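Listed below are the residues making up each chain.
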Amino acid sequence: MPRCLRLDAMCVIGYWPGWSGSPGKGRAVGVGAVSLRGGVTPDTRRVRYEVSMRQVRRGRLAVAIANGRVFADDHCVYLAKDLRVGLIVSAS
């Protein structure tokens, strides 16, 4: 689907719980709100992602919660609030 890669890229927040010691593989759990204000076109010279970690919960399931923005040539074109990524431990 168009625009999905930008949302997937912001889900890189799933690496943080793993890097900080929680076991498992990151899986997108959900997003609170997504706002589209423009797009990235072939004429776009620079794309920048900003992700702001808000919280990491650890328990039976480690969950990272963050807000993210995508900028195309220094204009905010995509805003996602309450991105949630959980670490899933595979049963072996």
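Conventions used here
Residues numbered from 1 in each chain as written. Predicted model: local features only at pLDDT ≥ 70, side-chain atom pairs only at ≥ 80, totals over all residues. Heavy atoms only, no water. Helix = DSSP H or I, 4+ residues; strand = E, 2+ residues; numbered from the N terminus. Contact = heavy atoms within 4.5 Å. Lys, Arg positive; Asp, Glu negative; His and termini not counted. Charge placed at Lys NZ, Arg CZ, Asp CG, Glu CD. Core = buried A, V, L, I, M, F, W, Y, C linked by side-chain atoms within 4.5 Å. Buried < 20%, exposed > 50% of the residue type's maximum accessible area, 1.4 Å probe, protein only. Phe/Tyr/Trp six-rings, centres within 6.5 Å; stacked < 30°, edge-to-face > 60°. Lys NZ or Arg CZ within 6 Å of the ring centre and 35° of its normal. Salt bridge = Lys/Arg side-chain N within 4 Å of Asp/Glu carboxyl O.

**Student:** I would appreciate a short explanation of the overall build of the chain in the present structure.
**Tutor:** A count of helices and strands for the chain gives two helices and five strands. Element order for the chain, N to C, with α for helix and β for strand: α-α-β-β-β-β-β. C-alpha atoms of the chain, sized along the principal axes, occupy 45 × 25 × 20 Å. Expressed as a percentage of contacts within the chain between residues at least 6 apart in sequence, the contacts between residues at least 24 apart total 65%. Separation between the mean location of the 15 positive side-chain charges and that of the 6 negative ones in the chain comes to 11 Å.

**Student:** How do you make sense of the nonpolar core when you look at a structure like this?
**Tutor:** Side chains of nonpolar character tend, in soluble globular proteins, to be buried together. Listed in full, the twelve residues of the largest apolar core are M10, C11, I13, A64, A66, V70, A72, V77, Y78, A80, L83 and V85. The leading source of residues in this core is strand β5 (residues 75-88), at five residues. Apart from the residues lying within four places of it in its own chain, the contact partners of A64 are I13, P17, M53, Q55, V56, L83, R84 and V85.

**Student:** Would you mind showing me how to read the packing of aromatic side chains here?
**Tutor:** What characterises a pair of aromatic rings is the spacing of the ring centres plus the angle enclosed by the ring planes. Taken as a whole and judged by the stated rule, the model has zero aromatic pairs. Residue placement shows R48 over the ring face of F71; its charged tip is 4.2 Å from the ring centre.

**Student:** What's the story with the side chain of T44 in this structure? I'm lost.
**Tutor:** Looking at where T44 falls in the secondary structure, it is placed in the loop between β2 (33-36) and β3 (47-57). Among the residues examined, T44 registers a relative accessible area of 18% and is labelled buried.

**Student:** How do you make sense of the pattern of salt bridges when you look at a structure like this?
**Tutor:** Once their charged atoms are close, side chains differing in charge can pair, the charge on each being opposite to the other. Tallied over the full model, the rule gives four salt bridges. Across the pair R48 and D74 runs a salt bridge whose closest N-O atoms are separated by 2.9 Å. Here R48 is found in strand β3, whereas its partner D74 is found in the loop between β4 (62-72) and β5, with 26 residues between them in sequence. Overall, the relative accessible area of 23% leaves R48 in the partly exposed class. Judged by relative accessible area, which is 51%, D74 ranks as exposed. The closest approach of N and O atoms between D82 and R54, which form a salt bridge, is 2.0 Å. On the criterion of sequence distance, the pair formed by D82 in strand β5 and R54 in strand β3 is long-range, its members being 28 residues apart. Its relative accessible area of 45% is what places R54 among the partly exposed residues. Counted as one network, the salt bridges with shared partners bring together R48, E50, R69 and D74.

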